[in-house]
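# What the coordinates show
Here is what each chain is made of, one letter per residue.
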Amino acid sequence: MRQALTQAKRAGDRGEVPVGAVVVSGGKVLSRGYNRPVGQNDPTAHAEVVAIRKAGRRRGNYRLVGCDLYVTLEPCAMCLGAAVQARLRRVVFGALDPKSGAVRSVMRFPFRKMNHRPELKGGLLAEECSRALKGFFVSQRVAPCNGHFRRSRRGGRVVEGDGLENRYPEQSGSWVRIPPSPPVQSPGVKRHQRT
Ligand SMILES: [Zn+2]
């Protein structure tokens, strides 16, 4: 997660929302990524997707079996979908994202009917991850908007009532294990019997 935080700083240095991610395989970092949708004109260029794409290229495989993803912010639904497609073993995140987090904040990503469910853990270095985001928004004077973020157009001020302290509250730092989705139930076969 420390390396993911380093990636997050790289995003912040480029004016992007500071989120960073790394893919780990066998205890070694396979790839790194940082948030870059604005610079790339690519709404899918979240840190997780950037790191997963690089990992796939480096492995020469579209499946990343046995790999773990570390990301500084609770992933959105798109990134969790990418984690499923990549068959990641585990997704570990830092701070909660009350605006677009799909592990537990705004929704619980629908793993239930999927044939692969990564293990999910949250809260690792949560305070540091949260602090990086809050510091960025204060320094850039930007306001969160619709789960994504844009520069405030109100004279560069953070919109009143849209307080960052409410968006990214201090996290306890406690390690939170997200309960796994219930096992996939095979649909019951209903037979129509003639009476
Ligand atoms: Zn995402």
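Scroll up for the structure.
Residues numbered from 1 in each chain as written. Predicted model: local features only at pLDDT ≥ 70, side-chain atom pairs only at ≥ 80, totals over all residues.

### Let's talk about the packing of helix α1 (residues 2-13) against helix α5 (residues 126-140)
With their axes 11 Å apart at the nearest point, α1 and α5 run at an angle of 5 degrees to one another. Considering their axes alone, α1 and α5 lie roughly parallel with respect to each other. Along the contact surface, α1 presents Leu-5, Ala-8, Lys-9 and Gly-12, while α5 presents Glu-128, Cys-129, Ala-132 and Phe-136. When its residues are assigned to classes, the contact of α1 with α5 shows five nonpolar, one polar and two charged. (Axes fitted to C-alpha atoms, helices over the stretch in contact; angles between N-to-C directions. Helix = DSSP H or I, 4+ residues; strand = E, 2+ residues; numbered from the N terminus. Parallel < 35°, antiparallel > 145°, perpendicular 65-115°, else oblique. Contact = placed C-beta atoms within 7 Å. Nonpolar A, V, L, I, M, F, W, Y, C, P; charged D, E, K, R; others polar.)

### Quick look at α1
Taking 1.5 Å per residue, twelve residues should reach 16 Å; α1 reaches 17 Å between its end C-alpha atoms and fits that length. Turning to α1, its buried residues number three or more, namely Ala-4, Leu-5, Gln-7, Ala-8, Ala-11 and Gly-12. Around the axis of α1, the buried residues are gathered within 155 degrees of arc, so they sit on the same side. In this structure, α1 carries Arg-2 and Asp-13 as exposed residues pointing more than 90 degrees from its buried face. Residues of α1 that are buried make contact with β1 (20-25), β2 (28-34), α3 (47-59), β3 (68-73) and α5. After α1 finishes, the residue Gly-15 shows a positive phi value of roughly 80 degrees. (Expected span 1.5 Å × (residues − 1). Buried ≥ 20, exposed ≤ 12 C-beta atoms within 10 Å, placed from the backbone. Arc of directions from axis to C-beta.)

### Regarding the pairing of β3
Of all six residues making up β3, six are buried, and the element is well covered by its neighbours. As paired strands, β1 and β3 are joined by four bridges and run antiparallel to one another. Among the inter-strand pairings, Ala-21 is bridged to a residue of β3, identified as Val-71. Note that the unit made of β3, helix α4 (residues 77-85) and strand β4 (residues 90-95) has a crossover that is right-handed. (Pairing = 2+ DSSP bridges. Right-handed = clockwise from strand over helix to strand, strands pointing away.)

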